[in-house]
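# Observations on chain architecture
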Amino acid sequence: MTLTIPSFAHSLLASTVAFATFGGFSTVFGAVESLPENVTFTEHVAPILYQNCTRCHRPGEAAPFSLLNFQDAKKRGKQIEEVTRKRFMPPWHADHGYVELSNERRLTDQQIALLGAWHRQGMKEGDLAKLPAPPQFTEGWQLGKPDLIVKMPEPFEVSADGLDIYRNFVLPLNLPEDKWVRAIEFRPIARTVVHHALYHLDESGEARKADDRDPKPGYDGIGRSSRQFEPIGGWAVGGEPTILPPELAWRFKTNSDFVLQTHFHPDGKVNYETSAVGIYFASKPPTRQFTTIQLPALFGRLSGLDIPAGATNYTLKDSFTIPIDIEAFSVTPHAHYLARTFLLIATLPDGKQQTLLKISDWDFNWQEDCVYKNRITLPKGTRLDATISYDNSAENPSNPTRPPKRVKWGVMTTDEMGAMTLSVIPARDEELAELRQAKRNHNVDLFIDRIQEDTRQRERVQVMMTMFDKNTNGKLDPDERPGLRAFLETSGLLRGIGGGF
Ligand code: HEC
């Protein structure tokens, strides 16, 4: 039998939940007493699972089992109650309540209470007529059928053990004309060993040549193999497809190849990877331009990151003042196993502060893009302050090394790095170059700071001081830096620093 819930109960429930959420007292004002007496799968549980769970809990996706029907859900009723009460599922790692995100995966208190009540009431199926239409998915893709699918031409063998592998794969696009692209979806096969994949476009043919020279599928190499490659984002474990806001697009030029730079972390058995990439065309050219601001810059490469064994709260920091008016639309955190917390704060010229990202419990397996619900306006002169903390003690359950050992910056999964990458649209396209120059200056300044601390570079630093420390105070002051930066740009010293140079 299905009880009809009087409409006043509905509105009571809604207002209780709204109040509880607003006040942040969700545990005090639990909505349980206002729940329907007879919670059923068809009426209450299925809509929650369809909306929040089945995109991963269906065959071929990231989750280990399906939650597509009554039988599937009933088998796991107790576990569903538990993992949702603890907010372990749906997985989401940015802290709630600091900045509104459009792609946050989060159940309401009411939904959690309903799932719990369903389990405690004996998991009834209910009236079949009330079952909503199941969600429609395109098998194999989250974003529906791609306009173009490109695949690695042959499988690449990932050895059972040994060091991490960085390998580049060339996926010919064979575009008959230039195309604007609005979204990219990456599909790894060997999910347990693919740690991340960076996307590049190569017009130069360099990638193909390198591939031809190497007898195995793809070719070796860390970092951007050629300056001609255009970086266009990427995917890391737990990530979702990248979708650009409607007024933006990437240009895929005819004759360009899609180059995947994939990072594999062996898992103890031999795996074979044949990644596929789904490409979704935009129906019109973009009307705006965009870029990124990454802090700490270059994933912390010039930060001197060096975490002693046992350190529980090692921090990495970087700050940058934005030279033009911009709007931020998303932020992507990245680090390896030892990272614990992320914080990115904007201080506006009027002193007002805005949190752009806060993560209190980083999980390496979920490298999620955070998309802002509303664009965040950051006027010229806004300062960004980024802090990432690391726990290299044995108490950190994610620490892959026991007993802990000293960890420095590096590209292997057991090394560390860290950054938050903010995607931004300049208010005026013509000022984009100014932002790019400021980012470059920032990176060169980090280089100058590092080289001064490096005892092996004493002679070079001495030369720099003689030439540029005009007031001979033993420091390279902000007004002495422009000349020094220009000198470094032409000296060749900056070569090999990677991304951004
Ligand atoms: C973005 C993908 C994704 C979504 C959305 C998602 N899950 Fe999961 N779920 C996973 C993955 C991956 C695992 C296995 C890995 C893990 O335990 O972290 C998992 C594991 C689980 C487990 C087993 C946990 C354990 O301790 O073994 C349960 C139960 C579960 N999910 C329920 C749910 C429910 C209920 C929802 C919706 C409210 C949901 N999940 C939404 C990806 C997802």
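Note that this is a predicted model, so its numbers are computed, not measured. (Residues numbered from 1 in each chain as written. Predicted model: local features only at pLDDT ≥ 70, side-chain atom pairs only at ≥ 80, totals over all residues. Heavy atoms only, no water.)

Here we come to the nonpolar core. Membership of the largest hydrophobic core comes to 78 residues, with the highest contact counts inside it found for Phe252, Phe258, Leu378 and Leu422. Per-element tally for this core: the top contributor is strand β16 (residues 326-335), with 5 residues. When near neighbours in sequence (up to four residues on either side) are disregarded, phenylalanine 258 contacts Phe169, Val170, Leu171, Leu173, Ile184, Tyr199, His200, Leu201, Ile232, Phe252, Val277 and Ile279. With 21 residues, the next largest nonpolar core counts Leu49, Tyr50, Ala113 and Met123 among its residues. (Core = buried A, V, L, I, M, F, W, Y, C linked by side-chain atoms within 4.5 Å. Buried < 20%, exposed > 50% of the residue type's maximum accessible area, 1.4 Å probe, protein only. Helix = DSSP H or I, 4+ residues; strand = E, 2+ residues; numbered from the N terminus. Contact = heavy atoms within 4.5 Å.)

A separate point is the coordination of the iron atom of the ligand. In this structure, His57 (NE2) and Met89 (SD) serve as the protein donors to the iron atom of the ligand, at separations of 2.0 to 2.3 Å. One can describe the donor arrangement at the iron atom of the ligand as octahedral, given that its 6 donor atoms subtend angles of 85 to 180° at the metal. With histidine 57 in the loop between α2 (41-52) and α3 (70-75) and methionine 89 in the loop between α4 (77-85) and α5 (109-120), the pair connects residues that are 32 residues apart, well separated along the chain. Relative accessible area serves as the criterion here: at 9%, histidine 57 is assigned to the buried category. The exposure class of methionine 89 is partly exposed, given its relative accessible area of 24%. (Donors = N, O, S within 2.8 Å, 3.2 Å for Na, K, Ca; no water. Tetrahedral: all angles 85-135°; square planar, octahedral: opposite > 155°, others 65-115°.)

Its place among the elements puts threonine 42 in helix α2. On the basis of relative accessible area, threonine 42 is assigned to the buried category, the value being 1%. At 2.9 Å, the side chain of threonine 42 forms a polar contact with the backbone oxygen of aspartate 127. In contact with threonine 42, not counting residues within four places along its chain, are Pro47, Glu125, Gly126, Asp127, Leu128, Lys130, Leu131 and Pro132. (Polar contact = N/O pair within 3.5 Å; in protein donor to acceptor, adjacent residues only side chain to side chain.)

Before going further, it helps to spend a moment on the pairing of strand β22 (residues 418-426). Extensive coverage of β22 is indicated by the burial of 9 of its 9 residues. Of the two faces of β22, the one holding Gly418, Met420, Leu422, Val424 and Pro426 and the one holding Ala419, Thr421, Ser423 and Ile425 are both buried throughout. In this structure, β16 lies alongside β22, joined through 9 bridges in antiparallel fashion. Paired with threonine 332 across the two strands is threonine 421, which belongs to β22. (Pairing = 2+ DSSP bridges.)

Taken as a whole and assessed by the stated rule, the structure comprises 14 aromatic pairs. Note on tyrosine 337 and phenylalanine 364: the rings are 4.2 Å apart at their centroids and 35° apart in plane angle, and the pair reads as tilted. Placement of the pair is tyrosine 337 in the loop between β16 and β17 (339-347) and phenylalanine 364 in the loop between β18 (353-359) and β19 (370-378), with a sequence separation of 27 residues. In this structure phenylalanine 364 comes out as buried when scored by relative accessible area, which is 7%. An aromatic cluster is defined as three or more aromatic residues linked by ring pairs; in this entry it consists of Phe186, Tyr199, Trp235, Phe252 and Phe258. One cation-aromatic arrangement involves arginine 58 over phenylalanine 137; the distance from NZ or CZ to the ring centre is 4.0 Å. (Phe/Tyr/Trp six-rings, centres within 6.5 Å; stacked < 30°, edge-to-face > 60°. Lys NZ or Arg CZ within 6 Å of the ring centre and 35° of its normal.)

Shape is all these values report; function is a separate question.
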